[in-house]
Amino acid sequence: MGMQVFGAAETQNNSNAASYLRSIEKELGRKLSRQETEEYLGKFWENIGFTNDFVFAKVMQDTELSGKFLKLLFPEFDVFSIKCLNLQEPIRSSYDAKGVRLDVRIGDAVGKIYDLEMQVAINSNLPRRTRYYQSALDQQLIEKGAEYYSLRDCYLIFICPVDMFGRNRRIYTFRNMCVEDRDIFLNDGATKIFLNASGTVGEVGNGMQNFLDYVATGKVTDDYTKALNGSVDRARVKRAWKEEFMMMSVREMDAREEGREEGREEGSTQAMLKFASFKLNQGDSENSTINDLVSIFKIDETAARFIIQRIEIER
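Residues numbered from 1 in each chain as written. Predicted model: local features only at pLDDT ≥ 70, side-chain atom pairs only at ≥ 80, totals over all residues. Heavy atoms only, no water.

**Quick word on the overall build of the chain**
- Each helix and strand counted, the chain has twelve helices and eight strands in total.
- Across the 315 residues of the chain, 46% fall into the buried class.
- When contacts within the chain are restricted to residue pairs at least 6 apart in sequence, those whose partners lie at least 24 apart make up 62%. (Helix = DSSP H or I, 4+ residues; strand = E, 2+ residues; numbered from the N terminus. Buried < 20%, exposed > 50% of the residue type's maximum accessible area, 1.4 Å probe, protein only. Contact = heavy atoms within 4.5 Å.)

Laid out in structure tokens, this is it:
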């Protein structure tokens, strides 16, 4: 049977490679061979876009592009001399803690930290995940024995093609404040921002609106989105990046298959615990891991949530 061709539209609707491959397996009614997996990933890469988190991280490592984005988002800041601190590197506060895989972490000359995340899949766990991200970042940003005032101001920025909160706002900004007196802010230096590319409520500058439109549609409308799009095009022809992307994607598919095999051999719980721990330690959300447990091991959602709870207890 020849390889079924999925075009750019299908690829963009599955900007996560694992979801893309799962959709193909579902349509074919069987699991893909290693050769088929690599062929489909190659086709996926040919049409990959800015909203894929791997490509997003590679594009935004260019400090000229990421710096321009920060200036659009924070016109009141004097953002200069920024430095890309990491790209999709898992961080863990201890050897047995849940891992976090951040897309792009940037620092500026005055000490502020910006974590940029492309968030295509929207689920109810995302707000609590931001809490864990903040904690993991803080662990990385403070030295043992240092005073708490040395913690830098930190901005977690999630770029979402669709609305997380259902209020149609372009930007949602969250800071800790007093519930009884909303004029009092905690001033802990932590800010969480969700950009909604489909929003129409709230004022943003023309440049930011053009960026949001590019995230939502891929349409180039100004010099900045042209530069982003050009960087995506150049990423597609970088052999090393393609090989890295395919290796990461195949590794995840192998973990899924190992889970299937061990599930058949062991019947069960240990295989599910091992598989779910792998997913969570790679920084995948609980919701995504639950969906995979249901799909691979043919259990219901309640049983899958129990597996997640066991992992959290054992940690």
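On we go.
**Focus: helix 11 (residues 286-297)**
- The end-to-end C-alpha distance of helix 11 is 16 Å, a good match for the 16 Å that twelve residues give at a rise of 1.5 Å each.
- If you check which residues of helix 11 are buried, you get Asn287, Thr289, Ile290, Asp292, Leu293, Ile296 and Phe297.
- Looking one or two residues past helix 11, Lys298 carries a phi angle of roughly 60°, positive in sign. (Expected span 1.5 Å × (residues − 1).)

**A word on the packing of aromatic side chains**
- Taken as a whole and judged by the stated rule, the model has 21 aromatic pairs.
- Their ring planes at 50° and their centres at 5.3 Å tell us that Phe165 and Phe174 sit as a pair that is tilted.
- Through a chain of ring-to-ring contacts, three or more aromatic side chains come together here, namely Phe50, Phe56, Phe69, Phe211, Tyr214 and Tyr224.
- One residue, Lys112, lies across the ring of Phe77, its end atom 4.8 Å from the ring centre.
- Between the NZ or CZ atom of Lys238 and the centre of the ring of Trp241, over which it lies, the distance is 4.2 Å. (Phe/Tyr/Trp six-rings, centres within 6.5 Å; stacked < 30°, edge-to-face > 60°. Lys NZ or Arg CZ within 6 Å of the ring centre and 35° of its normal.)

**Concerning the side chain of Thr225**
- With respect to the secondary-structure elements, Thr225 resides in helix 8 (residues 223-236).
- The buried category is assigned to Thr225, whose relative accessible area is 0%.
- A polar contact of 3.0 Å, which involves the side chain of Thr225, links it to the backbone nitrogen of Thr221.
- Apart from residues no more than four positions distant in its own chain, Thr225 is found in contact with Asn210, Phe211, Tyr214 and Val220. (Polar contact = N/O pair within 3.5 Å; in protein donor to acceptor, adjacent residues only side chain to side chain.)

**Focus on helix 6 (residues 126-141)**
- For helix 6, spanning 16 residues, the distance from its first C-alpha to its last is 22 Å, which sits close to the expected 22 Å at 1.5 Å a residue.
- Of the residues making up helix 6, those classed as buried are Leu126, Arg129, Thr130, Tyr133, Gln134, Ala136, Leu137 and Leu141.

**Observations regarding the packing of helix 5 (residues 63-73) against helix 7 (residues 206-217)**
- Two elements in contact, helix 5 and helix 7, have axes whose closest approach is 8 Å; the angle formed by their N-to-C orientations is 120°. Relative to helix 7, the element helix 5 lies oblique. The handedness of the crossing between helix 5 and helix 7 comes out as left-handed. Residues Phe69, Leu72 and Leu73 of helix 5 form the contact with helix 7, whose participating residues are Gly207, Met208 and Phe211.
- Of the residues in the contact of helix 5 with helix 7, the class split is five nonpolar, one polar and no charged. (Axes fitted to C-alpha atoms, helices over the stretch in contact; angles between N-to-C directions. Parallel < 35°, antiparallel > 145°, perpendicular 65-115°, else oblique. Left-handed = near helix turned anticlockwise from the far one by under 90°. Nonpolar A, V, L, I, M, F, W, Y, C, P; charged D, E, K, R; others polar.)

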